[in-house]
Amino acid sequence: MSADLQIDAFPPAKMAARMEDVGVTKSKLNIWTMFVLAILAGAFIGTGAIFCTTVLAGLGSAGVAYGIQRLLGGLVFCLGLIAVVVAGAELFTGNNLIIMAFANRKVTIGALLRNWAVVYTGNFVGSILTALVMFLSRQFTFGSGTVGLTALTIANAKCGLNFVQAIMLGIMCNALVCLAVWMCASARSTTDKILAILFPISCFVAAGFEHSIANMYFILSLIHISEPTRLLSTSYAVFCLKK
């Protein structure tokens, strides 16, 4: 029995094979299953952003150093990708690794683009719903409004980036997200996956890189808080909700 017990991480060659198999499985998902799992992923990333915003609220005025603030924000933001990976949701930035299965001709270009399009759309819907729920909860008023002020500050900074800067920061972010997901392929347990995610994701948040799905939540939150009447009316129209 002890001979069968293995605790070492999977080697890179086995990781690559596992990632290709995962890519094939993801590409073959039913479109509605894929879409719902993508909505969940958008909500999970939004939840990580909520955690991050709440923890960062008030730290600057308390005199906490910038680097420590970023580190703490990065550590708690990891919740988003941990939930995506462990719960099996569909996240666009992680699903970019389906390109490995495509490169080895295990997935067609049509299946690849179908997955990316459906998952990106679902992530956006999940982000919209999460931002709307958080606005209606008025969680942004907590801490005497410091939570909302932090959310506005983060979103305004993101909107102030020029195009080239945003693209470069996005590339660096997704390199680290893909690294985290890739290292999860070496894992034999949930604990292994969490540890594999922790440092790459903390790094991208601490360094100020730009995650496209997290930005959906942050920027939608900015619009919700700063222009609630316009966005609420739009949200209700889109989702056929009644007051």
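*Asks:* Can you lay out the confidence of the model for the protein for me, pointing to particular residues and giving the numbers?
*Replies:* Averaged over all residues, the pLDDT of the protein is 90; the fraction at 70 or higher stands at 91%. Considering each helix and strand of the protein separately, the mean pLDDT is smallest for helix 11 (residues 228-239), with a value of 46, and largest for helix 2 (residues 31-56), with 97.

*Asks:* Describe the nonpolar core, with residues and values.
*Replies:* Phe77, Leu81, Ile201 and Phe204 are the most contacted members of the largest nonpolar core, which has 53 residues in total. Of all the secondary structure elements, the ones that give two or more residues to this core are helix 1 (12-27), helix 2, helix 3 (66-87), helix 6 (109-137), helix 8 (163-184), helix 9 (190-207) and helix 10 (212-226). With 9 residues, helix 2 is the largest single contributor of residues to this core. Look past the residues within four positions of Phe204 in its chain and what remains in contact with it is Phe77, Cys173, Leu176, Val177, Phe209 and His211. Of all hydrophobic cores here, the second largest spans 6 residues; its members include Val24, Ile98, Ala111 and Leu112.

*Asks:* Give me the lowdown on the environment of Ile109, citing residues and values where you can.
*Replies:* Within the secondary structure, Ile109 sits in helix 6. Overall, Ile109 belongs to the partly exposed group, its relative accessible area being 46%. In this structure the C-alpha to C-alpha distance between Ile109 and Ile99, which are 10 residues apart in sequence, comes to 9.2 Å.

*Asks:* Requested: an account of the pattern of salt bridges, with residues and values cited.
*Replies:* Side chains that differ in charge, positive against negative, can pair when their charged atoms come close. This model, assessed by the stated rule, comprises 3 salt bridges. Note that Lys106 and Glu20 form a salt bridge whose closest N and O atoms lie 2.7 Å from each other. One end of the pair, Lys106, is in the loop between helix 5 (99-103) and helix 6; the other, Glu20, is in helix 1, with 86 residues separating them in the sequence. For Lys106, a relative accessible area of 41% puts it in the partly exposed group.

*Asks:* So what's going on with the side chain of Asn123? Which residues, and what values?
*Replies:* Along the polypeptide, Asn123 turns up in helix 6. Excluding residues within four positions of it along the chain, Asn123 makes contact with Ala38, Ile39, Ala41, Gly42, Glu90, Leu91, Phe92, Ile213 and Met216.

*Asks:* Could you give an account of the packing of helix 2 against helix 3, with specific residues and numbers?
*Replies:* For the pair helix 2 and helix 3, the least separation of the axes is 8 Å and the interaxial angle reads 160 degrees. It follows from the interaxial angle that helix 2 and helix 3 lie roughly antiparallel. For the pair helix 2 and helix 3, the crossing hand works out as right-handed. In this structure, helix 2 contributes Ala41, Phe44, Ile45, Thr47, Gly48, Ala49, Phe51, Cys52, Val55 and Leu56 to the contact, and helix 3 contributes Gln69, Leu72, Gly73, Val76, Phe77, Leu79, Gly80, Leu81, Ala83, Val84 and Ala87. Along the lines of polarity and charge, the residues of the contact of helix 2 with helix 3 split into 16 nonpolar, 5 polar and no charged.

*Asks:* Summarise the state of the cysteines; cite the residues concerned and give the values.
*Replies:* Scanning the model with the defined rule gives 0 disulfides in all. Looking at the unpaired Cys78, the closest cysteine sulfur is the one in Cys52, lying at 9.8 Å. What makes Cys78 buried here is its relative accessible area of 1%. Of the cysteine sulfurs around Cys173, a residue in no disulfide, the closest is that of Cys178, at 9.2 Å.

*Asks:* Requested: an account of the packing of aromatic side chains, with residues and values cited.
*Replies:* For the structure on display, the rule yields 6 aromatic pairs. Ring plane angle 80 degrees and centroid distance 5.0 Å describe the contact between Phe92 and Tyr120, whose orientation is recorded as edge-to-face. On the criterion of sequence distance, the pair formed by Phe92 in helix 4 (residues 92-95) and Tyr120 in helix 6 is long-range, its members being 28 residues apart. Given a relative accessible area of 35%, Tyr120 falls into the partly exposed group. Considering the side-chain rings of Tyr217 and Phe218, the 5.9 Å spacing of their centres and the 65 degrees angle between planes classify their relative orientation as edge-to-face. Take Tyr217: its relative accessible area is 7%, and that puts it in the buried class. By relative accessible area, which is 6% here, Phe218 ends up buried. Joined through ring pairs, the aromatic side chains of Phe92, Trp116 and Tyr120 make up one cluster.

*Asks:* Before we move on, can you summarise the environment of Lys26 with the specific residues and values?
*Replies:* You can see Lys26 is positioned in helix 1. With relative accessibility at 17%, the residue Lys26 sits in the buried group. Along the backbone, Lys26 and Leu112 are 86 residues apart, and their C-alpha atoms lie at a distance of 9.1 Å. Within polar-contact distance, the side chain of Lys26 engages the side chain of Asn95 at 3.4 Å.

Conventions used here
- Residues numbered from 1 in each chain as written.
- Predicted model: local features only at pLDDT ≥ 70, side-chain atom pairs only at ≥ 80, totals over all residues.
- Heavy atoms only, no water.
- pLDDT = per-residue confidence, 0-100.
- Helix = DSSP H or I, 4+ residues; strand = E, 2+ residues; numbered from the N terminus.
- Core = buried A, V, L, I, M, F, W, Y, C linked by side-chain atoms within 4.5 Å.
- Buried < 20%, exposed > 50% of the residue type's maximum accessible area, 1.4 Å probe, protein only.
- Contact = heavy atoms within 4.5 Å.
- Salt bridge = Lys/Arg side-chain N within 4 Å of Asp/Glu carboxyl O.
- Axes fitted to C-alpha atoms, helices over the stretch in contact; angles between N-to-C directions.
- Parallel < 35°, antiparallel > 145°, perpendicular 65-115°, else oblique.
- Left-handed = near helix turned anticlockwise from the far one by under 90°.
- Nonpolar A, V, L, I, M, F, W, Y, C, P; charged D, E, K, R; others polar.
- Disulfide = S-S within 2.5 Å.
- Phe/Tyr/Trp six-rings, centres within 6.5 Å; stacked < 30°, edge-to-face > 60°.
- Polar contact = N/O pair within 3.5 Å; in protein donor to acceptor, adjacent residues only side chain to side chain.

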